[in-house]
Amino acid sequence: MEKLRKVVNEIAYTRDRTNSPALHRSLVPFLTFASSLYGVALQIRRSLYRSSFLQQHRLPVPVISVGNLSWGGNGKTPMVEFITQLLVDSGISPLILTRGYAGGDEAKMLERHLQGGPTKIGVGANRAATAALFFEKYGCANPSSIRTFFDQSFETTQAKTISHKIGSVILDDGMQQHWSLCRDLEIVMLNGLDPWGNGNLVPLGPLREPLAALERADIVVVHHVDLITEQSLRDIESTIKGFKNSIPVFFSKMVPKYLFDVKKAKSYVALEALCDATVLCVSAIGSAEAFVRTIGMTGARYVDRLDFSDHYLFQAQDVETMSRRANGLENKSNSKPIIVVTEKDYNRDSEIFKCLDSYTVLVLCSELQISSCRGTDVDRFKSTLRRVVAAKFCVSI
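Keep in mind the model is a prediction, meaning the values are calculated, not measured.

Student: How should the nonpolar core be read in this particular structure?
Tutor: Most often, soluble globular proteins have nonpolar side chains that are buried together. Met 79, Ile 83, Ile 187 and Phe 381 are the most contacted members of the largest nonpolar core, which has 44 residues in total. With six residues, helix H11 (residues 378-396) is the largest single contributor of residues to this core. Contact partners of Ile 187, with chain neighbours within four places excluded, come to Ile 64, Ser 65, Val 66, Gly 67, Ile 83, Ile 219, Val 221 and Phe 381. Core analysis: the next-biggest nonpolar cluster, separate from the first, contains 23 residues, Phe 260, Ala 284, Leu 356 and Tyr 359 among them.

Student: It is not clear to me how the pattern of salt bridges should be interpreted in this structure. Could you clarify?
Tutor: Between side chains of opposite charge, pairing is possible as soon as their charged atoms come close. Throughout the structure, instances matching the rule amount to 21 salt bridges. The residue Arg 15 makes a salt bridge to Asp 194 at a minimum N-O spacing of 3.0 Å. Within this pair, whereas Arg 15 is found in the loop between helix H1 (2-12) and helix H2 (22-50), its partner Asp 194 is found in the loop between strand S5 (185-191) and strand S6 (219-223), the two being separated by 179 residues in sequence. Exposure remark for Arg 15: the relative accessible area of 58% places this residue in the exposed category. Asp 172 is paired through a salt bridge with Lys 76; the nearest N and O atoms lie 2.9 Å apart. Highlighted residues: Asp 172 in strand S4 (residues 168-172) and Lys 76 in helix H3 (residues 76-89), separated in sequence by 96 residues. An identical accessibility class is assigned to Asp 172 and Lys 76; each is buried.

Student: What am I meant to see in the packing of H3 against helix H4 (residues 105-114) here?
Tutor: Helices that pack against each other are described as a pair by the angle of their axes relative to one another and the distance between those axes. Axis separation between H3 and H4 bottoms out at 11 Å; the angle between their running directions is 30°. Looking at the two axes, H3 sits roughly parallel to H4. Judged by the twist between their axes, the crossing of H3 over H4 is right-handed. Here Lys 76, Thr 77, Val 80, Glu 81, Thr 84 and Gln 85 of H3 come into contact with H4, specifically with Glu 106, Met 109, Leu 110, His 113 and Leu 114.

Student: Any chance you could explain the packing of aromatic side chains here in plain terms?
Tutor: In this description, an aromatic ring pair is defined by two values, namely the gap between the centres and the angle between the planes. One pass over the structure, following the stated rule, counts nine aromatic pairs. Ring geometry for Tyr 258 and Tyr 268: centres 4.7 Å apart, planes at 55°, overall tilted. Placement of Tyr 258 in strand S7 (residues 249-261) and of Tyr 268 in strand S8 (residues 264-269) is noted, with a sequence separation of 10 residues between them. A relative accessible area of 25% places Tyr 258 in the partly exposed class. Ring plane angle 65° and centroid distance 5.3 Å describe the contact between Phe 314 and Phe 353, whose orientation is recorded as edge-to-face. Of this pair, Phe 314 sits in the loop between strand S10 (302-307) and helix H9 (316-333) while Phe 353 sits in the loop between helix H10 (343-348) and strand S12 (361-370), placing them 39 residues apart in sequence. This pair shows no difference in class: Phe 314 is buried, exactly as Phe 353 is.

Calculation notes
- Residues numbered from 1 in each chain as written.
- Predicted model: local features only at pLDDT ≥ 70, side-chain atom pairs only at ≥ 80, totals over all residues.
- Heavy atoms only, no water.
- Core = buried A, V, L, I, M, F, W, Y, C linked by side-chain atoms within 4.5 Å.
- Buried < 20%, exposed > 50% of the residue type's maximum accessible area, 1.4 Å probe, protein only.
- Helix = DSSP H or I, 4+ residues; strand = E, 2+ residues; numbered from the N terminus.
- Contact = heavy atoms within 4.5 Å.
- Salt bridge = Lys/Arg side-chain N within 4 Å of Asp/Glu carboxyl O.
- Axes fitted to C-alpha atoms, helices over the stretch in contact; angles between N-to-C directions.
- Parallel < 35°, antiparallel > 145°, perpendicular 65-115°, else oblique.
- Left-handed = near helix turned anticlockwise from the far one by under 90°.
- Phe/Tyr/Trp six-rings, centres within 6.5 Å; stacked < 30°, edge-to-face > 60°.

Okay, structure coming up:
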């Protein structure tokens, strides 16, 4: 199954199949048919909501949706965390709603980062029902105070008294998946390294919705801006503006902060530990390329990689594969390699990597930053977020 997932992923990001392996070409007709069915189902579902045959639920607080058009690697969950911290710093107690897909690695990461604060995290496929449980338990902030907050600038320079009553909801992965909830702000994250692959819907391509869905977005954020060329940025922005010229486009990147040892989760290891080292990057994320490039920028002498499909659950045989690869690197370099994994992979199964007891296994911790790029910066991002939410939420209440 893992091999098949890798092949499908390769097809999704291949624009010219002329020289593709025979296996890839043989799967294309089946994937094309499945993609067509998916597209029809998407259109039917969307039309049912547009005609009000299926009802949308309006929550009593502003709803900020963070979603993506394509498969992983878009910076969606780091953006959720960024916005959450922005709200908390400004005196708003947020509720994050997430599905908890594939073992809940993303939810676990959010919990680790936000524990001890006023943020609540609700996990469940039915976002409306999950939200209702949290509103019943904690209550919601007064609509007039919410309106006042979003009518003013974000303030982070002084401490705020935060009520435990929920003042805003953030949908993690809320693009086409959760039309049942009305939202006041739609943020779409794009992986700048390859935002739309071959341009087809899943499973033939990586798109979960057609590019025309950009018309519904209030803000688009191009992620991994530090890893792509200026020409690529212009091309991506041109495509976005072709669907909605008025949409604000911002840019983000992941900034590595520190490492920690899988055997001592509360330890902090400086990034300099990788300088001049042989490193094996092991990941099961949506954009392994970005992870590997980031490790290369730490000053490592040599970087090898072992990629698995997004959300893959590691097994005992995978640990053996990692050990063999690390052993091969050790024989070639005459030095013991350091294995580095992503925080998302660690949160999916924190125990599996402890089985690699012959090697040091470190977890890379990074945070999302809004980049000053092409006339935009973090202050403009904040003001745009505030302005859009204020305009839509104040009309709805």
